[in-house]
Amino acid sequence: TPVSTPGSSDEPLCPFLLRPRRSCGGRCGSPRDREGAMDYFASRSHKVDGDRRVIASQLERDAQLHKRYDEVAAQNKARGREDAATFDYSALVAENHKRDRVQKPEEKLDLPAWVNRMNRGGKVQGFVAVLIVCKKSGKIVSVSPTVREILGHEPDALLGSYLSTLFVNTETVQQLLQNDYSDCTNMVMLTLPDGKGNCNAQASSAGERHLALEVEQLNTNANVEGMWQDHQLVRDTIDKLQDVFQTDRLLQLASEEVRLIIGYDRVMSYKFHEDWHGEVVAESRANEGIESMLGLHYPATDVPVFVREQLKLNRTRTLYDTHHAGFELINLVGDEDSIRPEDTDLRRTISRAAHPCHMQYLSNMGVRSSFVIGILVDHRLWGLVACHHSAPRVPCHQQRIACEFVIQSVSSRLGSLVEMQERKAYDNSLAAQARLCELMLAKETAWLQALVQPTGTSMLAVVKHSSGGAVVFDSGQISTVGHVPAHLDIQNIIKAVVPAVEVDVVYHVDTLVNLVANADALSSCVAGCLIVSIRDSPTPFKIVWFRPEYINTVHYAGYAGAMQEPEGFMGPRTSFEAFKQIVKFMARPFSAAERASALALGSLASDMSSSDAATHGTSSLLRLNEERMRSRSDCIAMAAELTRLVDKASAPIFVLDKTGIVTQWNDTCRRITGWTLQNVAERPLAQMCTLDSRVTLQRVLQRCLGGQDTTAFELDFSSADFKASPAPVQLLLNATARKDISGDAYSVVFIGQDITSTKDALMQCQRIAEDYRDLVSNGAAPIFGMSLDGKTNEWNKAMAAFSGKSAREVVGRDLLGRVFHSLLKPASKSGHARLQQMCAMAAKGNATEQIEYSFRNASGKNAVMLLSAG
């Protein structure tokens with residue numbers, strides 16, 4: 001969604017380098033500066049999020065979009081309208097990309113001014129009170145109008161005052177002023193004077209000399225029970241994540257759990273592709289009446305470059321009300337500690353208002369509030385979770401933290417899954433190359449035909465696409481596999497993509513527009529291609545992969561008729577239409593991994609084309625097999641490290657296969673049970689369990705292998721040395737299934753603790769309790785008892801004989817209001833009052849003195865007792 005983000009410096013910025021202009025000598029917008037921008041993003045992210053040219057071009061598109069929006073908004077304001085309803089977002093986005101394709105002269109932009117506006121100043125939202133404070137003096141130099149409602153002070157009264165006078169926690173305030181917020185924020189709880197209560201305050205850098213303090217009212221509904229429920233939700237969610245082995249299921253679970261925590265109408269998980277465009281890959285809705293966005297693709301301009309950087313910094317972005325433009329900060333003027341509005345950096349604040357373009361976009365969707373959480377994988381913005389609600393709303397601090405923590409866990413799990421998928425793809429590529437090498441060795445003179453054989457393994461297995469094709473172009477001879485164009489078109493495409501004077505080995509394009517005359521007619525078959533040119537063989541040749549138009553492989557899951565958007569309207573369907581215009585006649589980009597695999601296959605084919613093909617081919621096959629073994633060795637080494645950690649764990653841990661055979665048995669299990677790994681390995685665990693526990697073990701195995709974890713169950717193990725220790729060893733255990741990359745369970749892990757001594761102590765306590773009950777029940781003296789709620793809970797035989805009332809008649813009844821009132825009437829009111837006082841003191845744990853108590857028994861005779869209580 002079109003939005004804007006802030007930046008950080010206190011000097012005018014170069015639009016690409018994002019650092020003071022003197023750093024680039026004032027050369028803003030030159031090609032060399034675009035290279036500098038890439039260095040900036042690389043240093044900040046450890047990995048450049050896309051191709052260098054993609055980032056530079058995207059920055060310019062973002063600027064063009066906002067410039068045009070502002071122009072339309074200004075024109076409409078002059079006509080008495082407050083928005084930019086006539087802003088044709090789809091047409092402008094498509095036009096910007098068209099300009100890139102045909103290489104038209106760029107429209108001149110004041111990029112430094114645009115960057116400054118994106119990074120500094122701006123409005124703030126109304127759910128917090130914003131204070132800009134000079135770090136050296138502690139003086140408040142800027143405030144938001146909301147200080148009146150949240151802090152109870154007039155804005156003018158706060159300007160020029162000192163932060164330490166505003167809160168009771170003077171030491172905490174002093175620490176806030178002394179901290180360095182160059183790359184972090186700090187959340188603290190502050191107390192207002194005069195009993196006005198507590199509030200949350202987040203501090204962040206507002207410039208070199210100033211900090212921004214955002215004060216938020218505590219959510220009165222977020223009581224201890226609510227916080228505990230959020231904690232439970234987060235903990236349960238993290239447990240669920242560990243059992244997910246598919247990316248789409250992981251993101252669906254993330255969407256559902258985040259919506260459960262914050263209660264918004266719709267939560268979407270959004271993935272960024274390599275060309276920077278986004279796709280909604282998972283969604284959770286409060287009800288079926290809310291329109292589905294699942295499957296929609298959006299152009300990269302919907303989430304500009306600076307927004308992506310902001311999500312890397314802050315992880316979250318909150319928008320309280322799309323119908324409210326926000327508040328301007330009120331500034332202290334003429335003071336040495338003051339700061340100009342255009343110099344105030346609100347980049348790390350949670351309350352900076354979004355760009356009006358973004359506000360209108362959401363408002364057009366019927367969204368009044370939003371909450372966005374970035375998904376970071378390996379320091380890259382992999383995607384985001386977007387939450388939409390139909391009413392003004394902001395999650396409380398606890399909910400924001402809970403959601404952020406859930407998504408951090410999702411990011412970690414997603415990183416593992418992505419790594420597993422990349423490793424699997426790499427292993428599959430190595431296997432395909434090895435198989436093709438074997439086939440080429442077998443073909444001898446016709447070895448190139450092995451790459452394009454119609455059945456079995458072909459070069460399509462190296463660079464996959466469900467509806468693509470591949471070609472071997474050898475001395476004018478064309479051999480094909482899969483869906484490819486006519487031979488004449490193939491020759492024209494290769495001639496257009498590969499220059500007459502070749503300087504590279506790999507050439508790839510995502511669109512044939514401006515390269516081939518009939519690109520539009522060919523797009524259903526080939527819109528992009530990847531070519532590996534082999535020039536160092538006796539007969540130069542090329543191997544080529546084709547991909548069809550991207551839009552042919554994109555589907556939208558939304559239903560027709562819901563929220564129709566007129567022409568020029570800015571909304572999700574408009575974005576989807578813009579995306580379709582952008583990718584028109586374009587193929588899905590070839591990834592770096594796919595290009596590397598293609599180059600590897602080209603190297604293999606080059607070896608086979610040499611004069612000593614058999615020797616080189618055999619050598620290549622050995623190299624591929626060594627690489628496959630090395631990949632497997634890495635996995636084996638990782639598994640060995642995990643095994644070592646399990647073996648040395650302080651808790652008893654063991655692993656069973658699907659049939660109940662022991663495959664792992666750590667040192668703690670050996671120490672507790674006396675059974676060594678040699679005793680139990682390759683044996684059914686049931687042989688070491690007592691008869692009753694064997695039934696439990698079988699049930700747990702079935703549940704875990706069926707996908708249901710089992711917790712808090714007990715197993716009793718026979719001691720290895722029965723003569724020395726005949727009593728069984730008792731373990732309290734949890735069990736969970738191990739799953740392969742396909743999600744199929746192949747073993748069950750048991751983790752627990754030894755409760756043998758605890759059980760012995762519990763049984764001892766039970767024996768003492770039984771002895772106590774026998775003593776009370778059969779004691780010679782009358783004994784009765786009362787629970788804390790005043791009910792009779794003990795009435796021994798002696799008391800029954802003394803009073804004439806059996807235990808059945810009195811137990812469970814109110815002792816003072818029923819038993820010693822209507823059933824056994826007290827002799828006097830004063831005596832009954834003394835009994836009530838004794839019971840009250842004993843219930844509180846206080847010592848009591850003996851009293852004499854008289855009542856009429858069941859026979860109507862006067863009975864007197866000397867009572868003591870405790």
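**Some points on the overall build of the protein**
- Along its length, the protein carries 25 helices and 26 strands.
- Buried positions account for 48% of the 870 residues belonging to the protein.
- Across the protein, every contact between residues at least 6 apart in sequence was considered, and the portion connecting residues at least 24 apart equals 61%.
- Counting every atom, the protein has about 41,500 Å² of accessible surface; 51% of that belongs to carbon and sulfur.

**Here we look at helix 7 (residues 170-178)**
- Regarding helix 7, the residues found buried are V173, L176 and L177. The buried residues of helix 7 occupy an angular sector of 95° when projected down its axis, which confines them to one face. More than 90 degrees from the buried face of helix 7, the exposed residues found are E171 and Q178.

**Observations regarding the sheet that holds strand 20 (residues 710-717)**
- Taken together, 5 strands build an open sheet; the order of strands is 19-18-22-21-20 and the sheet is antiparallel. Here the strands that pair on one side only, and so sit at the sheet edges, are strand 19 (662-665) and strand 20. Pairs of neighbouring strands in the sheet enclose a mean axial angle of 30°, with direction left out of account.
- Seen against the sheet, helix 20 (residues 691-705) touches strand 18 (653-657), strand 20, strand 21 (729-739) and strand 22 (745-754) and runs at an angle of roughly 145° to strand 20.

**Some remarks on the packing of aromatic side chains**
- In total, this model carries 15 aromatic pairs according to the counting rule given.
- Geometrically, the ring pair formed by Y270 and F272 is edge-to-face, given 5.4 Å between the ring centres and 80° between the ring planes. Of the two residues examined, Y270 and F272, each falls in the buried class.
- Ring plane angle 85° and centroid distance 5.4 Å describe the contact between F820 and Y853, whose orientation is recorded as edge-to-face. Of this pair, F820 sits in helix 24 (residues 815-823) while Y853 sits in strand 25 (residues 851-856); the two residues are 33 residues apart in sequence, bridging distant segments of the chain. Here the two residues F820 and Y853 agree in accessibility, since each one is buried.

**Quick word on the nonpolar core**
- Residues L131, I132, L151, L163, F167, L213 and V215 are the most contacted members of the largest nonpolar core, which totals 38 residues.
- Those elements that provide at least two residues to this core are strand 1 (129-134), strand 2 (140-143), helix 5 (147-150), helix 7, strand 3 (186-192), strand 4 (197-205) and strand 5 (210-217).
- With 5 residues, strand 1 is the single largest residue contributor to this core.
- Each residue touching L151, except ones within four places of it in the same chain, is listed here: A129, L131, L158, L166, L192, K196 and V215.
- If you look at the next biggest cluster of nonpolar residues, it comprises 28 residues, including Y264, V267, C403 and V418.

**Some remarks on helix 10 (residues 305-314)**
- Within helix 10, 10 of the 10 residues are buried, which leaves the element mostly enclosed by the surrounding structure.
- All of the buried residues in helix 10 are V305, F306, V307, R308, E309, Q310, L311, K312, L313 and N314.
- Of the residues one or two after helix 10, R315 is the one with positive phi, at around 70°.

**Focus: the pairing of strand 26 (residues 862-867)**
- Residues A863, M865 and L867 point to one face of strand 26 and are all buried, whereas N862, V864 and L866, pointing to the other face, are not buried.
- In terms of strand pairing, strand 25 meets strand 26 through 6 bridges, oriented antiparallel. Residue pairing across strands places I851 opposite L867, the latter belonging to strand 26.
- Linking strand 25 back to strand 26 in an antiparallel pair, the connection comprises 5 residues, with G860 at a positive phi of about 85°.

**Thoughts on the pattern of salt bridges**
- Going through the model one piece at a time under the given rule, you end up with 15 salt bridges.
- Between E216 and R400 there is a salt bridge whose closest N-O contact spans 2.8 Å. In this pair, E216 sits in strand 5 while R400 sits in helix 12 (residues 397-443), placing the two residues 184 residues apart along the sequence. Taken as a pair, E216 and R400 share a single burial class, namely buried.
- Because the salt bridges share partners, they merge into one network encompassing K139, R209, D335 and D337.

**Details of the sheet that holds strand 16 (residues 528-534)**
- Read across the open sheet, the 5 strands follow the order 14-13-17-16-15; overall the sheet is antiparallel. The sheet terminates laterally at strand 14 (477-482) and strand 15 (506-509), the two strands that pair on one side only. Ignoring which end each strand starts from, the neighbouring axes of this sheet average 15° apart.
- The pairing of strand 13 (residues 469-474) with strand 14 spans 6 bridges and is classified as antiparallel. Looking at strand 14, one finds that V472 is bridged to S479.
- Of the strands in this sheet, strand 13, strand 14, strand 15, strand 16 and strand 17 (541-547) touch helix 13 (residues 487-497), which is tilted by about 100° from strand 14.

**Things to note about the environment of H277**
- Here H277 lies in the loop between strand 6 (266-272) and strand 7 (278-285).
- When the C-alpha atoms of H277 and A300 are compared, they prove to be 4.1 Å apart, with 23 residues separating the residues in sequence.

**Things to note about the environment of G860**
- Turning to its location among the elements, G860 is positioned in the loop between strand 25 and strand 26.
- For the pair formed by G860 and S803, sequence separation is 57 residues and the distance between their alpha carbons is 9.8 Å.

**Some points on the environment of W665**
- Mapped onto the secondary structure, W665 falls in strand 19.
- Separated by 13 residues in sequence, W665 and P652 have C-alpha atoms that sit 8.2 Å apart.
- One polar contact links the side chain of W665 to the main-chain carbonyl oxygen of W675, over a distance of 2.9 Å.

**Section: the pairing of strand 13**
- Among the 6 residues in strand 13, 5 count as buried, and that is most of the element.
- Relative to strand 17, strand 13 runs antiparallel, the two sharing 6 bridges. By the bridge assignment, A470 is partnered in strand 17 with W545.
- Between strand 13 and strand 14, which follow one another and run antiparallel, lie 2 residues, and S475 among them has a positive phi close to 50°.

Calculation criteria
Residues numbered from 1 in each chain as written. Predicted model: local features only at pLDDT ≥ 70, side-chain atom pairs only at ≥ 80, totals over all residues. Heavy atoms only, no water. Helix = DSSP H or I, 4+ residues; strand = E, 2+ residues; numbered from the N terminus. Buried < 20%, exposed > 50% of the residue type's maximum accessible area, 1.4 Å probe, protein only. Contact = heavy atoms within 4.5 Å. Areas by Shrake-Rupley, 256 points an atom, 1.4 Å probe, with all protein chains shown as cover. Arc of directions from axis to C-beta. Pairing = 2+ DSSP bridges. Axes fitted to C-alpha atoms, helices over the stretch in contact; angles between N-to-C directions. Phe/Tyr/Trp six-rings, centres within 6.5 Å; stacked < 30°, edge-to-face > 60°. Core = buried A, V, L, I, M, F, W, Y, C linked by side-chain atoms within 4.5 Å. Salt bridge = Lys/Arg side-chain N within 4 Å of Asp/Glu carboxyl O. Polar contact = N/O pair within 3.5 Å; in protein donor to acceptor, adjacent residues only side chain to side chain.

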